[in-house]
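A closer look at the structure
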Amino acid sequence: MTAAQPLLAAGAQSGEAWVFWLLAPVATAGAVGMVLARNAVHSALWLVLTMLSLGVFYVVQSAPFLGLVQVIVYTGAIMMLFLFVLMLVGRDSADSLIETLRGQRVAAAVLGTGLAVLLATGTFQALAGTQMADLAAVNAAYPGGNIQAVADPLFSRWVLGFELTGALLIIAAVGALMLTHIVREKGERRTQAELMRARFAPGSYPGPLPGPGVFATSSSNATPAKLPDGTAAARSISPILKARELTAREAAGKETER
Amino acid sequence: MPGPGHYLALAALLFTIGAVGVLVRRNAIVLFMCVELMLNAGNLALVTFARLHGDLNGQVMAFFVMVVAAAEVVVGLAIIMLIFRSRRSASVDDANLLKY
């Protein structure tokens, strides 16, 4: 058993080396992709990639609780919140390519590269000879593993900070509710009878909207449905989607008038 | 065998990419996501230091950073939605009423 432990430790170490050298470029690519993507939703997805690889890093560094919290809370809740707000607000407002401040992009690139080189080489050389301590032993000292090991300082030494951040979360949720609340006067809200009368008034179409395009030729929701005379029905696609242009084959008639 | 220097260099690189993103992007939500990337880089540094010193307080601090980041995202996105509702634009260059 004592002879197998160095082998196990070496296996774990080389496994960690594999994970690091495989996922570090992935995390960096996700970060760069997030900054450079034109579409805001693509940016969010690149950031999800980075956050997932960071979660794996936390697990590999003897912090499995934090790794899973990163995936569940950060990626699963916070990034989904971003995507929901993008759906409501920012989806079709892509950044224009023209930069309003002169020289901003060049200066950002130059200074960014300088800062990255400075920080990275500084920290790397400062920690050149150091070794990682054995956190696995600290985790194993508790019967509950890492979760109990993190809970011990969290609920004893840092309990005040824990309570304060809990209060902060409640305040943030209530604040978001208050900020986005739309105030409606008492008489403003239309009753059901009024809504129904307006629906059947002349000039408004009472039926449901037509569904999107023909699934035989394309399975995209952005394909418009065709009216009987062959033109695309504008009401069949969602206004925030860019209408997919029909290819020549799809726009041609189906030759059913034989 | 990646030592603490490697992880911290990666954290520094991610932090800088987030900082450049804050400078360059104009969509308010993407700007916010770059700030989140910077916070994540800080978390990676904290967890690495916790492992370096064998002290779990670093992980507790990273946990607090995550909680505060969640609260910040909630309030910040509510504010962005509010601005979009009244000004119909999610670009940070357009919110310049306080400019002298």
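Given the structure is predicted, the values throughout are model-derived calculations rather than measurements.

To continue, consider the overall build of chain A. Helix and strand counts for chain A come out as 9 helices and 0 strands. For chain A, restricting intrachain contacts to residue pairs at least 6 apart in sequence, the fraction spanning at least 24 positions comes to 40%.

Many descriptions give the size of an interface as the accessible area lost when the pieces come together. Every contact between the two is made by 63 residues of chain B and, on the other side, 72 residues of chain A. Breaking the side of chain B that touches chain A down by element, the ones donating at least two residues are α1 (4–24), α2 (28–53) and α3 (57–87) of chain B. At 21 residues, the largest contribution of residues to the side of chain B that touches chain A is made by α3 of chain B. Here the residues of the side of chain B that touches chain A are counted per class, giving 43 nonpolar, 15 polar and 5 charged.

Of all residues in chain B, 100% have pLDDT values of 70 or greater, and the mean over the chain is 90. For this predicted complex, the interface score ipTM comes out at 0.93, alongside a pTM of 0.80.

Right, let's talk about the environment of A17 of chain A for a bit. All names here are of chain A. Inspection of the secondary structure assignment puts A17 in helix α1 (residues 4–36). Residue A17 is classed as partly exposed on the basis of its 14 C-beta neighbours within 10 Å. A sequence separation of 97 residues divides A17 from G114, and the C-alpha atoms of the two residues are 27 Å apart.

This next bit is on α3 of chain B. All names here are of chain B. In this model, α3 (31 residues) spans 44 Å end to end at C-alpha, consistent with the 45 Å of a helix rising 1.5 Å per residue. Every buried residue belonging to α3 is among G58, Q59, V60, A62, F63, A69, A71, V73, V74, L77, A78 and I80, and all of these are buried. Among the residues trailing α3, R88 stands out with phi positive, at a value near 60°.

All names here are of chain B. Between α1 and α2, whose axes approach to 8 Å, the crossing angle comes to 165°. With respect to each other, α1 and α2 are oriented roughly antiparallel. Note on packing geometry: the crossing formed by α1 with α2 is left-handed. Contacts between α1 and α2 pair P4, Y7, L8, L10, A11, L14, F15, I17, G18, A19, G21 and V22 from the former with L31, C34, V35, L37, M38, N40, A41, G42, L44, A45, T48 and L52 from the latter. Looking at the contact of α1 with α2 residue by residue, the class counts come to 19 nonpolar, 5 polar and no charged.

Running from amino to carboxyl end, helix α6 (residues 146–156) of chain A crosses α3 of chain B at an angle of 75°, the nearest separation of the two axes being 9 Å. Looking at the two axes, α6 of chain A sits roughly perpendicular to α3 of chain B. Residues V150, P153 and L154 of chain A of α6 of chain A touch α3 of chain B, and the partners they reach there are N57, Q59, V60 and F63 of chain B. Per-class residue counts for the contact of α6 of chain A with α3 of chain B are 5 nonpolar, 2 polar and no charged.

On to helix α2 (residues 40–60) of chain A, then. Given 3.6 residues to a turn, an α-helix orients residues that are three or four positions apart in the same direction. Residues and elements named next belong to chain A. Between its first and last C-alpha, α2 extends 31 Å over 21 residues, near the 30 Å set by a 1.5 Å rise per residue. Counting buried positions along α2 yields 15 of 21 residues, so the element is predominantly enclosed. Positive backbone phi, at 60°, marks S62, one or two positions downstream of α2.

As a further point, take the nonpolar core. Residues L47 of chain A together with A11, L14, I29, M33, L37 and L44 of chain B are the most contacted members of the largest nonpolar core, which totals 75 residues. At 15 residues, the largest contribution of residues to this core is made by α2 of chain B. Excluding residues that lie within four positions of it along the chain, A11 of chain B makes contacts with A41, L44, A45 and T48 of chain B.

Parameters and conventions
Residues numbered from 1 in each chain as written. Chains lettered and ligands numbered in written order. Predicted model: local features only at pLDDT ≥ 70, side-chain atom pairs only at ≥ 80, totals over all residues. Helix = DSSP H or I, 4+ residues; strand = E, 2+ residues; numbered from the N terminus. Contact = placed C-beta atoms within 7 Å. Nonpolar A, V, L, I, M, F, W, Y, C, P; charged D, E, K, R; others polar. pLDDT = per-residue confidence, 0-100. Buried ≥ 20, exposed ≤ 12 C-beta atoms within 10 Å, placed from the backbone. Expected span 1.5 Å × (residues − 1). Axes fitted to C-alpha atoms, helices over the stretch in contact; angles between N-to-C directions. Parallel < 35°, antiparallel > 145°, perpendicular 65-115°, else oblique. Left-handed = near helix turned anticlockwise from the far one by under 90°. Core = buried A, V, L, I, M, F, W, Y, C linked by C-beta atoms within 7 Å.

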